Each structure stands twice: as structure tokens, then as C-alpha cells.
Amino acid sequence: MSPMILNTIEVMLNGLMTGVMYSLVALGFVLIFKASGIFNYAQGVMALFAALTLVGFQSGQIPFSHLINVVFGTDYHNWGPGMNAFLAILLTMAVMVLLAWLVERLVLRHLVNQEPIILFMATIGLAFFMEGLGDMMWGANIKVLDIGLPSGGSFWWEDVTRVWATEGSDYYGMYIDVLDLWAAGIAIVLVVALTLFSQYTKTGRALRAVADDHQAALTVGISLRTIWIVVWSIAGFVALVAGIMWGSKSGIQFSLSLIALKALPVLILGGFTSIPGAIVGGLIIGVGEKLFEFTIGPLIGGATENWFAYVLALVFLMFRPQGLYGDKIIERV
Amino acid sequence: MFYRESGDFKTSYAADQQTFPIRFDRIVIALVLVFAFAVVPFFINDYWEKSILLPFLVWSLAALGLNILTGYCGQVSLGTGGFMAVGAYACYKLTTGFPDLNIIFVILLSGGITALVGIVFGLPSLRIKGFYLAVATLASQFFLVWLFNKVPWFYNYSASGQISMPERTLFGTAVTGSAATPWATYLFSLLFVVVFAFIARNLTRGRLGRSWMAIRDMDIAAEIIGVPPLQAKLSAFAVSSFYIGLSGALFFGVYLGAVEPTEAFGIDKSFLVLFMIIIGGLGSIFGSFVGAAFMTLLPVLFKNIMVGGFGWPTDMVQHFIFMLVGGLIMFFLIVEPHGLAQLWRVTKEKLRLWPFPH
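Cut-off values and rules
- Residues numbered from 1 in each chain as written.
- Chains lettered and ligands numbered in written order.
- Predicted model: local features only at pLDDT ≥ 70, side-chain atom pairs only at ≥ 80, totals over all residues.
- Helix = DSSP H or I, 4+ residues; strand = E, 2+ residues; numbered from the N terminus.
- Buried ≥ 20, exposed ≤ 12 C-beta atoms within 10 Å, placed from the backbone.
- Contact = placed C-beta atoms within 7 Å.
- Rg over C-alpha atoms; globule rule 2.2 N^0.38 Å.
- Core = buried A, V, L, I, M, F, W, Y, C linked by C-beta atoms within 7 Å.
- Expected span 1.5 Å × (residues − 1).
- Axes fitted to C-alpha atoms, helices over the stretch in contact; angles between N-to-C directions.
- Parallel < 35°, antiparallel > 145°, perpendicular 65-115°, else oblique.
- Nonpolar A, V, L, I, M, F, W, Y, C, P; charged D, E, K, R; others polar.
- Left-handed = near helix turned anticlockwise from the far one by under 90°.

(A) Region of the structure containing the overall build of chain A. Scanning chain A from terminus to terminus reveals 13 helices and 0 strands. Tracing chain A from N to C terminus, the helices and strands come up as α-α-α-α-α-α-α-α-α-α-α-α-α. A buried classification covers 44% of the 333 residues belonging to chain A. For chain A, the proportion of contacts with a sequence separation of at least 24, taken over those separated by at least 6, is 76%.

Next comes the structure, spelled out in C-alpha cells:
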């Protein structure tokens, strides 16, 4: 094969890997949307917040140390040498569950029966609040997240692909980040686990019942509030996974929360109510934007990744408003 | 007792249909206008101009625009930053291309150009609704900002990629550029805001405004009773973008003087304006002003109290303001979804009855 084709394949593969990352964020959106009809804009910030908390625990930082130091004139920073990654992940998960409980208790409970767009704007408020809170708790500096996942290019894959090129061409093999492969693997495990959970456990069934019809679920004795807490906790868990993957890849910084915006076109493509849709949508966007940047980008100035996903979603919406796998939108007066 | 409609009899249709039918409103507005036009310019200094009054005026124009689209017509848009960028770049290209064109026309034309762009990006609203549309408008936000970054023609091939406003005068007084005095820029912006607030008020209570509100309340039902959704939605996009374009032109030309698109017209600006209208009150002209005042004054106030008073570091105050704004958004959506404007309405009700409880 000529290097040109191989390069294109490489771009597509990397696009697929990016797409997996988008899907991870989009999954959290779909979960909450299915169970409560809320479009949770704060999902991306939840990922940021989870990653910040994880690093904070891992390095043994004192929450709000900055604030405490300023108010009381002290100089605390760390309470100890930190803890291992596993324990830190468990503790972060506990924080995310607490957060889910608080969100249900303080915000969602009071907004029952409001229009979806009001709820959407409330989650924008939540996103701002959590962003401020996360920075307040752990500091706004860019942090490095390392929970022991391997990273860097895969040499094995480079060696495998080098021989594909035609003889005599100076082709060095394809570059694929091992971390991306891990992310893809984890995403697959996550989707399988979520599907099993929603199909075969009692809570999972209750969850699907709520997604189908709130009132019918209430009449058969399912507690909406519990379900909402469960759903937000699961979304918190997905956010944690997404935060870990993105954080390991590019460091923990504010731009992490902007990934939430990228997840929106992914959702539109896949349909808001479909878990497989979130995955497929993520892959299409990932491959699409990388290919577009690779082929057409140089002609029109580059950096097209900023907007390609949105424009693609926009064009797509014109023809299929409910997305690839979404339920058909039926409107009645 | 203080605020009442009774006893205010109208004897002609013109009097009955005037913009502010209640005498109390007219008196208050007249007093505010006199104060704003005749008193403030004598006391304005650089600090008040740059950190309070000009941002307030510019953002209230943007909030007015978004409120027309979101509050009156029910189409949520996250593309405000992008449209403001269109206004700013149109202003720049027009004023550098035609240096003799009066600055008022330049700014009006920038609004017009933004309106055309708004119509193009509003076309999807005919097919898609709710937050699907919100996502679609994100496309305009990111695409437009990218466009102004990448196409050198827009920034006249300047090396820095920035655009900066040359000095333009009105009646011999500089209103843009570094030589412009605080009172001149203030009065210039105020003029636009007052005139277009008045127009907006009248638009929203006329046929056009009523068709927007019908679409907002239930688009299918509106269509059935004969409101053309194509005209209603696209006109809302056009008028809204016109206002946002004006605000973008003033933001660039009068307030900042020089901008860089990614920094000045990012997605955070879109959210800022959205927050203004949520806090101020969706579907209220008065609310747009209150919201803009609230969102421009709040950070200034907290910065003064916390940095100046408590000696906190600036970055922490920044985070605190984030938390506060986010918390306030949720608070308002829960407690008072109609925003500060509704609080004013409640106060008016109280004033009407005072000193009796019922």
C-alpha cells in the first residue's frame, strides 16, 4: 500500500479513538436524559470535577486549602503523602454519589414538571457552580493525572504496519497511543456493564421503567427520587471514567469541560435516547472531524475541528431531527 | 397608592395605544432618561465609563436581542458570541472600507449584516426545536469565530490578526478610538440603547411580537390559528441578530476599541447573555436591562468587596463569582423563573395597594 493510503487509515484510526473519548462523555448525557428527560449540560464539568477530586485525593491535597489559608492566614496544603489510585477512585466515587444526592435534593426536586429547556438552563447553572467549586476546592492550576495507565505510542503497531507499505518508501509505521486503546477497551466494558445492569438488575429495570413513563413507574411503586439519585450517580461514575481518560491524555484543565460541548453534536447524531447511538455518534464525529481536517483542512486554513462537529450535526438535523437511533419525535397539540 | 392605573383616562386612540399607557411609568422613564442624558455625562469618569456604564449599555443591547429570540419567540440560541463577532467585523470592514461613512450608519449597517447572517443560521429553526436548536446555534458560534480567525480579508491582513477601530467622529466629537472622551462614548451608546429599546418595546406588543409569543407558547397551535412559523421565526432571528450585531459593533468599536475574535467573542459570551435574560426575566424588555445590570455589576461589586475589602486573591474571587452566578441561575429558575422583572411586577402590585394589605 502506498503511504498516502496508510496515512489516511492512520487518521481514521486516531479519529476512532477520539470518537471513543467523545462517546464516553456522551454516554453520561444519554443515561440522565433517558431516565429523567433532563439534558445535563453539566456532564462535562462533572468529568472535570471528578478528575480534579481524584487528583486531589491521590496527592493528599486539603480541599479548600486555598480559601482556608486566605481566611485564617494559615499555610496548609497537604494532609499527608496521598493515597493509592484505587482508594482515591473509590473516594471520588463516593463524592460523586454525594453530589448526585445533593443535586436531586437541592435542584431537581424543585424543578419537577418544568419545561425541558428550563431544566437544561438549570444544568448550565449547575455547570458554572461546579466549575467554580472544583477550582475553589482543588485550585485552578493544570494538574497531571496518573493512575498508572500506560501511554505513549504503540511500538508493536508501528512494527506491524511498517511492512504494509510498499518496498522502498520511507514509511515509519502508524502511530496509535496506547492510552487511547485502553480508553476504547474501558468504553466497551462500560457499555456492556451498563447494558447488563439495565437489563438484568432490579434497579436497572426500574430505571428503564422510569425512562418509559414517569407516572406509570410511580404507580407501580418505583421511587422517582431514588432512581434519579441512582442515575445521577451512574452519570457521575461515567463522568469519572471520562475524566480519568481525558485527564490522563491531556492533563486536567478547564478545557476538559468544553468537551461537554463536543458531546452535544455526538448526541444529536446518535439520538438522545440511545446508548449505542452515543457510541456510533461519537465514532462518526471522531472520524469525520479528523478526516475533514486531514483532507480539506489544509485548503481552508486548518483548525476545522473547532466547528466541524457542530456543522455536521446541523446538516444532519435538517434531514433526521431525531438522530440515527432516537425515538421518533411526535408532536401533538 | 403610588402606582395605579385607575383614574388615568384616555380620550383618544393614540393616547390609549401609546408605548407607556400608565402615567407613573411615563414619569419614571422620563426622569431616568433625563438623568441618564443630562446628569450622568457631567460626572462620568474613566472608571465608570469603562467598567460599569459602557459594558452595561452594550450588554443590555445584546440581552435585548437574545430576549427577543429566546424570551419572546422561544428559540434558545447559544450563538450570541458569534453574532456579536459578525457585528464587530462588519463594523470594522465598513468603517475601514468607507472611511467617510457616518459612524451611525456604519453601526446600523453592521446590525443589518448581522441580521442577514442571523436569518441564514435561523433556517434550521424551522425544522428543529428546543435544545436541538441550541446545539445547532453552537455551530454558528464556533464556525463564525473560526471564520474571522482564518480569513485574513476580515481583519484586513493585519499581522496580529486583531482588528482595531480607527477614530470616527460625530458632530466633530470623537466617539471611537483612543481620543474619545468618556462622556462622548457613553452618550453615543446610550442613544442607540434608548432608541432600540423603545423600538423593541413597540415591536413586542405589536402584531409581530404577538406572533412570536404565539410561536413560543405552542408552535403547532400557533400555526393552526394562522401564524406563519416561517415568517415569525425568521423575523425573530433577524431582529434578534440585528440587536446583537449592534451590540457587537458597539462592543468592538466604542467599548474595547480592539478585539481578537477567540478571546472577545467566545462561547462564554453566549452564556453570559443567556444568563442575563434568565436572571432578568425571559420575555421582558425591562428584564433585559435588569439582567444586564446585574451580570455586569455583580462581578465588579464582588471584586471590590473581596479583593479590595478582604484582600482575597483575584483568581479565587473569580471562582467564587462562578459559583455565585451558577447558584443564582439555579435559584432563579427554581424560585422565580420569570426573573427579576417578575419581582418588579410583584413590587408594583404591592405599591398599588399600599398601605392596605389587600
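(B) Layout of the overall build of chain B. Secondary structure summary: chain B contains 15 helices and 4 strands in total. For a compact globule of 358 residues, the expected C-alpha radius of gyration is about 21 Å, and chain B comes in at 21 Å, within 12% of that figure. Principal axes of the C-alpha set define a box for chain B whose edges measure 65 × 55 × 45 Å. Looking at chain B as a whole, 46% of its 358 residues qualify as buried.

(C) Up close: the interface of chain B and chain A. At the interface, 36 residues of chain B touch 42 residues of chain A. Taken together, the elements giving at least two residues each to the side of chain B that touches chain A come down to helix 6 (130–150), helix 9 (219–224), helix 12 (267–280) and helix 14 (314–335) of chain B. Broken down by element, the side of chain B that touches chain A gets its largest block of residues, 13 residues, from helix 14 of chain B.

(D) Geometry of the nonpolar core. Counting 205 residues, the largest nonpolar core has Ala 51 and Val 231 of chain A together with Leu 61 and Ile 329 of chain B as the members making the most contacts within it. No other element matches helix 10 (residues 224–250) of chain A, which puts 16 residues into this core. The contact partners of Leu 61 of chain B, leaving out residues within four places of it in the chain, are Phe 192, Val 193, Phe 196, Tyr 243, Leu 246, Ser 247 and Leu 250 of chain B.

(E) Seen up close, helix 11 (residues 259–270) of chain A. If you check helix 11 of chain A, its first and last C-alpha atoms are 17 Å apart, about what 12 residues at 1.5 Å a residue would give, namely 16 Å. Within helix 11 of chain A, 11 of the 12 residues are buried, leaving the element largely enclosed by the surrounding structure. Inspection of helix 11 of chain A places Ile 259, Ala 260, Lys 262, Ala 263, Leu 264, Pro 265, Val 266, Leu 267, Ile 268, Leu 269 and Gly 270 of chain A among the buried residues, and these make up the whole buried set. Each element contacted by the buried residues of helix 11 of chain A is listed here: helix 1 (3–36), helix 2 (43–58), helix 10, helix 12 (275–295) and helix 13 (308–319) of chain A together with helix 6 of chain B. Backbone geometry just after helix 11 of chain A places Gly 271 of chain A at a positive phi near 95°.

(F) Structural detail: the environment of Ala 183 of chain A. Residues and elements named next belong to chain A. Structurally, the position occupied by Ala 183 is in helix 7 (residues 178–200). Taking the C-alpha atoms as reference, Ala 183 lies 16 Å from Leu 256; in sequence the two are 73 residues apart. With sequence-adjacent residues up to four places away left out, Ala 183 is seen in contact with Met 17, Val 20, Met 21 and Met 245.

(G) Quick look at the packing of helix 4 (residues 80–97) of chain B against helix 12 of chain B. All names here are of chain B. Between helix 4 and helix 12, whose axes approach to 6 Å, the crossing angle comes to 110°. Relative to helix 12, the element helix 4 is oriented roughly perpendicular. Two secondary-structure elements touch here, helix 4 through Thr 80, Gly 81 and Met 84 and helix 12 through Ile 267, Lys 269, Ser 270 and Val 273. Considering only residue class, the contact of helix 4 with helix 12 consists of 3 nonpolar, 3 polar and 1 charged.

(H) Spatial organisation of the packing of helix 1 of chain A against helix 12 of chain A. Residues and elements named next belong to chain A. Two elements in contact, helix 1 and helix 12, have axes whose closest approach is 6 Å; the angle formed by their N-to-C orientations is 145°. The way helix 1 lies across helix 12 gives a crossing that is right-handed. A breakdown of the residues in the contact of helix 1 with helix 12 according to their chemical character gives 16 nonpolar, 8 polar and 2 charged.

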